[in-house]
Amino acid sequence: MASELEFGLHSFGDVTVDAKGTRLPFARVIRNVVEQAVLADRLGVDAIGLGEHHRDDYAISAPEIVLAAIAGQTERIRLGTAVTVLSSDDPVRVFERFATLDAVSQGRAEIMLGRGSFTESFPLFGYDLADYERLFEEKLELMARLLDEEPVTWQGTVRAPLKQQQVYPKTESGRIRTWVGVGGSPQSVVRAARLGFPLALAVIGGEPARFAPYVELYHRALDQFGQERLPVTAHVPGFVADTDTEAVDLLWPHARDLLNRLGRERGWPPMNRARFEADIADGAWHVGSPETVARKIAKTVQALGLQRIDLKYANGSMAHEHLVNAVELYGTTVIPRVRELLAE
């Protein structure tokens, strides 16, 4: 497990502030994300995943373009999304864009497909939220066929049918690694297994070990559908600083504002520091010094039997220099320490 485990980083391109607390322009935020990814590549991080959003608190609405910019400045890091909102996109165009990214990055493209935890893309692109389930289910079925890179015949209700349709460009490897993001629905886990997608668990609340039954269900479903054993990753929020106290003190005001903003939209109660620190101690957040974060990551990996873990290191408006430091500590100290802990 220690030697084969992959380590990723996720960012949604949260709009950040400068040292004086002034909000940065979107363009600067995007360039900073590219810089963070280039550093991650240099430090040996295995993968970078960028989220897709269409709202004013996140700068990245076209992650494939940002990933292509990263591809031109990196050599080994895998380039993916977290997630691509398939429900409000077209699977054919998703395949075409990522096959192109795969070409310019020499085979490093990945896709993480999901419904998305936000819904702003539905009215933006003319979709009805009443079709939320049907849009994702039909488009995921089509995407599974497109990834085989063979002529596709398909008919559904959410887009025009295809009849022996070729889609280009083809990839050099013959397939783009494509995950399906799941937030905790057994039906979604089984569907990912049935269609042969690797599983990405969105561990954004509660103790990570509570997701173990979903991993067990996924493995049972793979066996029942006659699929090969496929990898599982977990997307977890976190932040690394030099000490535990510094990490919590730096993250808290930004995480508070982020969680309270989302809470107002979704009906959650306001976040207080005691609850936040409790979630760091026993819940989803992986926050602290390199040693603390490494120990929690190792615990999560063991509890869920993961083949990869993706740390969402950018949470709220925290300044770029702190995110750079977090990436550096993750690559230089956290990753090797996790490997040591798992080897023990």
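Residues numbered from 1 in each chain as written. Predicted model: local features only at pLDDT ≥ 70, side-chain atom pairs only at ≥ 80, totals over all residues. Heavy atoms only, no water.

(A) Representation of the overall build of the chain in the model. Along its length, the chain carries eleven helices and twelve strands. Overall size of the chain, expressed as C-alpha extent along the three principal axes, is 60 × 45 × 40 Å. Classification of the 344 residues of the chain by burial places 56% in the buried group. For the chain, the computed accessible surface area is about 14,600 Å², with 51% contributed by carbon and sulfur atoms. Charge separation in the chain, taken as the distance between the mean sites of 38 positive and 47 negative side-chain charges, equals 3 Å. (Helix = DSSP H or I, 4+ residues; strand = E, 2+ residues; numbered from the N terminus. Buried < 20%, exposed > 50% of the residue type's maximum accessible area, 1.4 Å probe, protein only. Areas by Shrake-Rupley, 256 points an atom, 1.4 Å probe, with all protein chains shown as cover. Lys, Arg positive; Asp, Glu negative; His and termini not counted. Charge placed at Lys NZ, Arg CZ, Asp CG, Glu CD.)

(B) View of the packing of aromatic side chains. Tallied over the entire structure, the rule returns seven aromatic pairs. Within the aromatic cluster, the residues linked to one another by ring pairs are Phe12, Tyr58 and Phe118. Above the ring of Phe118, the side-chain terminus of Arg266 is found at 4.6 Å from the ring centroid. Between Lys312 and the ring centre of Phe12, over which it is positioned, the NZ or CZ distance is 4.5 Å. (Phe/Tyr/Trp six-rings, centres within 6.5 Å; stacked < 30°, edge-to-face > 60°. Lys NZ or Arg CZ within 6 Å of the ring centre and 35° of its normal.)

(C) Fine view of the packing of helix H3 (residues 91–104) against helix H5 (residues 132–146). Taken N-terminus to C-terminus, the directions of H3 and H5 make an angle of 40°; their axes are 9 Å apart at the nearest point. The angle between H3 and H5 places the two elements in the oblique class. Between H3 and H5 lies a crossing of right-handed hand. Residue-level contacts link Pro91, Val92, Val94 and Phe95 of H3 to Lys139, Leu142, Met143 and Leu146 of H5. Broken down by class, the residue content of the contact of H3 with H5 amounts to seven nonpolar, no polar and one charged. (Axes fitted to C-alpha atoms, helices over the stretch in contact; angles between N-to-C directions. Parallel < 35°, antiparallel > 145°, perpendicular 65-115°, else oblique. Left-handed = near helix turned anticlockwise from the far one by under 90°. Contact = heavy atoms within 4.5 Å. Nonpolar A, V, L, I, M, F, W, Y, C, P; charged D, E, K, R; others polar.)

(D) Representation of empty space enclosed by the protein. A full pass over the atoms with the stated rule returns three cavities of 30 Å³ or more. In this structure, the largest cavity encloses a volume near 60 Å³. Together, Ser11, Gly13, Asp14, Thr16, Val29, Asn32, Val33, Gln36, Ala314, His320 and Leu323 line the largest cavity. Put simply, the parts of the chain that give the lining of the largest cavity at least two residues each are helix H1 (26–43) and helix H11 (320–343). Counting residues per element, the lining of the largest cavity draws most heavily on H1, which supplies four residues. (1 Å grid on protein atoms, 1.4 Å probe; cavity = no way out; pocket = protein on both sides within 12 Å on 5 of 7 lines; lining within 4 Å. Points joined across faces, edges and corners; volume = space filled by probe spheres on them.)

(E) Fine view of the layout of surface pockets. Of the pockets and cavities examined, the largest pocket occupies roughly 1,100 Å³. Looking at the largest pocket, it is lined by 46 residues, and the ones nearest its centre are Ser117, Ala202, Ile204, His235 and Arg266. For the lining of the largest pocket, the secondary-structure elements that each account for two or more residues are strand S5 (110–114), strand S8 (177–182), strand S9 (199–202), strand S10 (232–240), helix H8 (244–266) and helix H9 (273–282). Quantified by volume, the second largest pocket comes out at close to 200 Å³. Around the second largest pocket sit 15 residues that line it, and Ala281, Asp282, Gly283, Lys296 and Lys299 are the ones nearest its centre. Elements supplying a minimum of two residues to the lining of the second largest pocket: H9, strand S11 (286–288) and helix H10 (290–304). The element that contributes the greatest number of residues to the lining of the second largest pocket is H10, accounting for six residues. For the lining of the second largest pocket, the per-class residue count stands at seven nonpolar, four polar and four charged.

(F) Here's a closer look at the pairing of S8. Here S5 runs beside S8; their pairing, made up of four bridges, is parallel. Residue pairing for S8: Glu110 is matched across the bridge by Arg177. Sheet topology places S8 next to S9; three bridges connect them, and they run parallel. Its bridge partner being in S9, Val182 is matched across the sheet by Leu201. Note that the unit made of S8, helix H6 (residues 186–195) and S9 has a crossover that is right-handed. (Pairing = 2+ DSSP bridges. Right-handed = clockwise from strand over helix to strand, strands pointing away.)

(G) Structural context of the side chain of Asp310. Tracing the sequence through the fold places Asp310 in strand S12 (residues 308–312). Accessibility expressed as a relative area gives 0% for Asp310, which makes it buried.

(H) Representation of the pattern of salt bridges within the structure. A complete count under the given rule lists 28 salt bridges for this structure. A salt bridge links Arg308 to Glu6; the nearest nitrogen and oxygen atoms lie 3.4 Å apart. Highlighted residues: Arg308 in strand S12 and Glu6 in strand S1 (residues 6–11), separated in sequence by 302 residues. Relative accessible area serves as the criterion here: at 3%, Arg308 is assigned to the buried category. (Salt bridge = Lys/Arg side-chain N within 4 Å of Asp/Glu carboxyl O.)

(I) Representation of H5 in the model. Look at H5: 21 Å from first C-alpha to last across 15 residues, which is about the 21 Å you get at 1.5 Å a residue. Among all positions of H5, only Leu135, Phe136, Glu138, Lys139, Leu140, Leu142, Met143, Ala144 and Leu146 are buried. (Expected span 1.5 Å × (residues − 1).)

(J) How the structure looks around the pairing of S12. Burial within S12 is extensive, with five of its five residues counted as buried. Covered by surrounding structure in S12 are Arg308, Asp310 and Lys312 together with Ile309 and Leu311, the residues of both alternating faces. Of the strand pairs in this sheet, S1 and S12 are connected by five bridges, and their pairing is parallel. For Leu9, the partnering residue across the bridge sits in S12 and is Leu311. Sheet topology places S10 next to S12; five bridges connect them, and they run parallel. Bridge pairing in S12 places His235 opposite Asp310.

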